[in-house]
Amino acid sequence: FKENCPDLRNSKVIDIIRELNEFNAKVDVYDPWVEHGEAKREFGLELIQSKPEIGAYDAVILAVGHREFAALGPERLRAFGKQGAVFFDVKAVVDKSDSDGRL
């Protein structure tokens with residue numbers, strides 16, 4: 001939710017999740033920094049317990065610039081998606097040419 005920090009306050013990631021939910025998207029959220037119980041209490045959000053499954057997603061949105069995500073690199077981040085999945089880097093963690101879009 002916030003880069004290299006377990007703090008959930010004022011996070012804009014929840015806005016992305018809610019917007020996707022309005023379009024009936026099934027959204028899995030993984031954040032190695034956030035305490036799962038707090039995410040549930042604050043936002044009613046169930047985070048997945050372990051790293052996302054390789055090749056499981058139609059889209060991968062990198063919404064927080066955690067060093068763990070940066071260390072994975074664009075190829076391994078993109079690998080969470082299915083063949084042809086969209087990879088969107090909200091925080092410009094990877095080079096622009098390695099994502100399908102970013103803010």
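Figured I'd write up the structure that's included with this text. As the structure is a computational prediction, the values presented were derived from the model and not from experiment.

The rules behind the values
Residues numbered from 1 in each chain as written. Predicted model: local features only at pLDDT ≥ 70, side-chain atom pairs only at ≥ 80, totals over all residues. Heavy atoms only, no water. Helix = DSSP H or I, 4+ residues; strand = E, 2+ residues; numbered from the N terminus. Rg over C-alpha atoms; globule rule 2.2 N^0.38 Å. Buried < 20%, exposed > 50% of the residue type's maximum accessible area, 1.4 Å probe, protein only. Contact = heavy atoms within 4.5 Å. Areas by Shrake-Rupley, 256 points an atom, 1.4 Å probe, with all protein chains shown as cover. Lys, Arg positive; Asp, Glu negative; His and termini not counted. Charge placed at Lys NZ, Arg CZ, Asp CG, Glu CD. Salt bridge = Lys/Arg side-chain N within 4 Å of Asp/Glu carboxyl O. 1 Å grid on protein atoms, 1.4 Å probe; cavity = no way out; pocket = protein on both sides within 12 Å on 5 of 7 lines; lining within 4 Å. Points joined across faces, edges and corners; volume = space filled by probe spheres on them. Nonpolar A, V, L, I, M, F, W, Y, C, P; charged D, E, K, R; others polar.

Scanning the chain from terminus to terminus reveals three helices and three strands. From first element to last, N terminus to C terminus, the chain shows the α and β order α-α-β-α-β-β. Taking 103 residues into account, the globule formula puts the C-alpha radius of gyration at 13 Å, and the chain, at 13 Å, falls close to it. With respect to the three principal axes, the spread of C-alpha positions in the chain is 35 × 30 × 25 Å. Going through the 103 residues of the chain one by one, you find that 35% of them count as buried. Contacts in the chain between residues far apart in sequence, at least 24 positions, make up 55% of those at least 6 positions apart. Here the chain displays about 6,600 Å² of accessible surface, and carbon together with sulfur accounts for 49% of that area. Taking the 15 positively charged and 19 negatively charged side chains of the chain as two groups, their mean positions are separated by 2 Å.

This paragraph deals with the pattern of salt bridges. Under the counting rule described, the total for this entry stands at seven salt bridges. The salt bridge involving K40 is made with E46; its shortest N-O contact spans 3.1 Å. You can call E46 exposed: its relative accessible area is 53%. Members of the salt-bridge network, linked through shared partners, are K2, D7 and R9.

Attention now goes to the layout of surface pockets. Taken as a whole, the largest pocket spans an internal volume of roughly 700 Å³. Surrounding the largest pocket, 28 residues form its lining, D28, V29, A59, V60 and I61 being those nearest its centre. Breaking the lining of the largest pocket down by element, the ones donating at least two residues are α1 (13-22), β1 (57-62) and α3 (67-78). Top contributing element to the lining of the largest pocket by residue count: β1, with six residues. Class assignment of the residues belonging to the lining of the largest pocket gives a composition of 23 nonpolar, no polar and five charged.

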